[in-house]
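Examination of the molecular architecture
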Amino acid sequence: MFIEIEDLCFRYPNAPKAVIQDFSVTIEHGEVICILGESGGGKSTVLRLVAGLEIPSKGRIKINEITMVDQSVFVPPEKRGVGMVFQDYALFPHMTVSENIRFGLKKMNNKEKDFRINQMLDLVNLGDYGKRYPYELSGGQQQRVAIARTLAPKPSLLLLDEPFSNLDTELRSKIREEINIILKQTSITVIFVTHDKEDAKAMADRIVILKEGKIVEIVDSILF
Ligand SMILES: Nc1ncnc2c1ncn2[C@@H]1O[C@H](COP(=O)(O)OP(=O)(O)O)[C@@H](O)[C@H]1O
Ligand SMILES: [Mg+2]
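Quick caveat: nothing in here was measured; it's all calculated off a predicted structure. (Residues numbered from 1 in each chain as written. Chains lettered and ligands numbered in written order. Predicted model: local features only at pLDDT ≥ 70, side-chain atom pairs only at ≥ 80, totals over all residues. Heavy atoms only, no water.)

1. Some words on the site of ligand 1
Note the following rule: Consider each residue's heavy atoms; a residue with any of them within 4 Å of a molecule or strand counts as near. In protein, a polar contact means a hydrogen-donor-capable atom and an acceptor-capable atom, both N or O and within 3.5 Å, with residues adjacent in sequence counting only if both atoms are side-chain atoms; elsewhere, any N or O pair within 3.5 Å suffices. A 1.4 Å probe and the Shrake-Rupley method give the accessible areas. Residues count as covered only by the protein chains that appear here. Amino acids outside the nonpolar list (Ala, Val, Leu, Ile, Met, Phe, Trp, Tyr, Cys, Pro) and the charged list (Asp, Glu, Lys, Arg) are all regarded as polar, and Gly is one of them.
Taken together, the neighbourhood of ligand 1 is formed by Tyr 12, Val 19, Glu 38, Ser 39, Gly 40, Gly 41, Gly 42, Lys 43, Ser 44 and Thr 45. For ligand 1, an oxygen atom lies 3.0 Å from a polar atom in the backbone of Gly 42. The protein chains hide 56% of the 570 Å² of surface that ligand 1 would expose on its own. Considering only residue class, the shell around ligand 1 consists of two nonpolar, six polar and two charged.

Below you can see the structure in the form of structure tokens.
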């Protein structure tokens, strides 16, 4: 199994009770998994734990046979090979599209960076938009920049937090389709979270139904 999450538990320091309880799931390489649940159910927290932005009180996360976190190990976020796209995209407003993508590229010379930036712009169909600033783009285009920036350093796992929540309803299915194509082209393993059943069904191979921090059921998307 590519991703193994075992008995994950987590409580925010000032919170009265655990927000994640005994969360376990295994994920195959190239699989697209959706965590579906109501607001406040702990979806973003699961992604933060996988990314290494929070430390679980119990449990283990393994990626590609390597333990990222357990009672004695903690691999920091930048060493996990995990890319996360935040719900609000978190683009740098004072940087162009190309500069935003460049930001994630560390261990490359300038020529390699330019090459990778162009590759990513093509992947997300923004070939002519490299010199634009985020405010000059639509919501859907900003989202694709965020995905391009996250995929540029070649993470082995992509986390998407509510990828469609900031988009107009009419555009939603079109953009979902575009993102699906981008993800299939990269054949990357994905965990995305949403409160929307249609998003889950349209994008995921399997759906993890989360309620108040606990897994209720894991179902194949075609059976959902
Ligand atoms: N930094 C924090 N400190 C304390 N409680 C938090 C913090 N972030 C989230 N929570 C609480 O944890 C629960 C789960 O939140 P979250 O993972 O953001 O849910 P979701 O993404 O499913 O809406 C909620 O009750 C929320 O209020
Ligand atoms: Mg959330």
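2. Focus on the pattern of salt bridges
The following threshold applies: Should a side-chain nitrogen of Lys or Arg be within 4 Å of a carboxyl oxygen of Asp or Glu, the pair is scored as a salt bridge. Numbering of helices and strands runs from the N terminus; a helix is a DSSP stretch of H or I covering at least four residues, while a strand is a stretch of E covering at least two. Burial here depends on accessible area, computed with a 1.4 Å probe over protein chains only, as a share of the maximum for the residue type. Under 20% is buried, over 50% is exposed, and the range in between is partly exposed.
Within the structure shown, the criterion is met by 12 salt bridges. In this structure, the salt-bridge partner of Asp 70 is Arg 60, at a minimum N-O distance of 3.4 Å. With Asp 70 in the loop between β5 (66–69) and β6 (82–85) and Arg 60 in strand β4 (residues 58–63), this residue pair connects regions lying 10 residues apart in the sequence. Overall, Asp 70 belongs to the buried group, its relative accessible area being 18%. The class of Arg 60 is partly exposed, set by a relative accessible area of 29%.

3. So, the layout of surface pockets
The condition is simple: The method works on a 1 Å grid over the protein atoms by themselves. A cavity is a set of points holding a 1.4 Å probe that cannot get out, a pocket is an open set with protein on both sides within 12 Å along at least five of seven lines, and residues with an atom within 4 Å of a point line them. Grid points are joined across faces, edges and corners, and a volume is the space filled by probe spheres set on the points.
By volume, the largest pocket amounts to about 920 Å³. What lines the largest pocket is a set of 25 residues, and nearest its centre among them are Glu 78, Val 82, Gly 83, Gly 104 and Pro 153. Of all elements in the fold, only β6 and α4 (139–151) reach the threshold of two or more residues within the lining of the largest pocket. With three residues, the single largest contributor to the lining of the largest pocket is β6. Empty space within the second largest pocket amounts to approximately 170 Å³. At three residues, helix α1 (residues 43–51) tops the list of elements feeding residues into the lining of the second largest pocket. Classifying every residue of the lining of the second largest pocket by side-chain character gives four nonpolar, eight polar and five charged.

4. Details of unusual backbone geometry
Here the phi dihedral of Asp 22 falls at roughly 45 degrees; this positive angle occurs in a residue that is not glycine. Residue position: Asp 22 is located in strand β2 (residues 20–27). Located in the positive-phi region is Glu 65, a residue other than glycine, with phi close to 75 degrees. Tracing the backbone shows Glu 65 in the loop between β4 and β5.

5. Points about helix α5 (residues 169–186)
Given 3.6 residues per helical turn, the α-helix brings residues three or four places apart onto the same face. In plain terms, the rule: By definition here, a helix of n residues has an expected span of 1.5 Å times n minus one. The contact criterion used is simple: two residues touch if any of their non-hydrogen atoms lie within 4.5 Å.
With 18 residues, α5 extends 26 Å from end C-alpha to end C-alpha; this agrees with the ideal 26 Å at 1.5 Å per step. By the burial criterion, the buried members of α5 are Arg 172, Ile 175, Arg 176, Ile 179, Asn 180, Ile 182 and Leu 183. Against α3 (110–123), α4, β7 (157–161), β8 (189–194) and α6 (197–203) lie the buried residues of α5. Within two residues after α5, Ser 187 carries a phi angle of roughly 45 degrees, on the positive side.

6. As for α3
Let me state the cut-off plainly: Read the arc as the range of directions from the helix axis to the C-beta atoms.
With 14 residues, α3 should reach 20 Å at 1.5 Å per residue; the first-to-last C-alpha distance of 20 Å fits that figure. Of all the positions in α3, only Lys 113, Arg 116, Ile 117, Met 120, Leu 121 and Leu 123 are classed as buried. Within α3, the buried residues cover an arc of 155 degrees as seen down the axis, which keeps them to one side. Exposed and facing more than 90 degrees away from the buried side of α3 are Lys 111, Phe 115 and Asp 122. Tucked inside the fold, the buried residues of α3 contact α2 (97–103), α4 and α5. Where α3 begins, the side chain of Asn 109 points an oxygen toward the backbone nitrogen of Lys 111, at a separation of 3.1 Å. Asn 125 occupies a position one or two residues after α3 and carries a positive phi of about 55 degrees.

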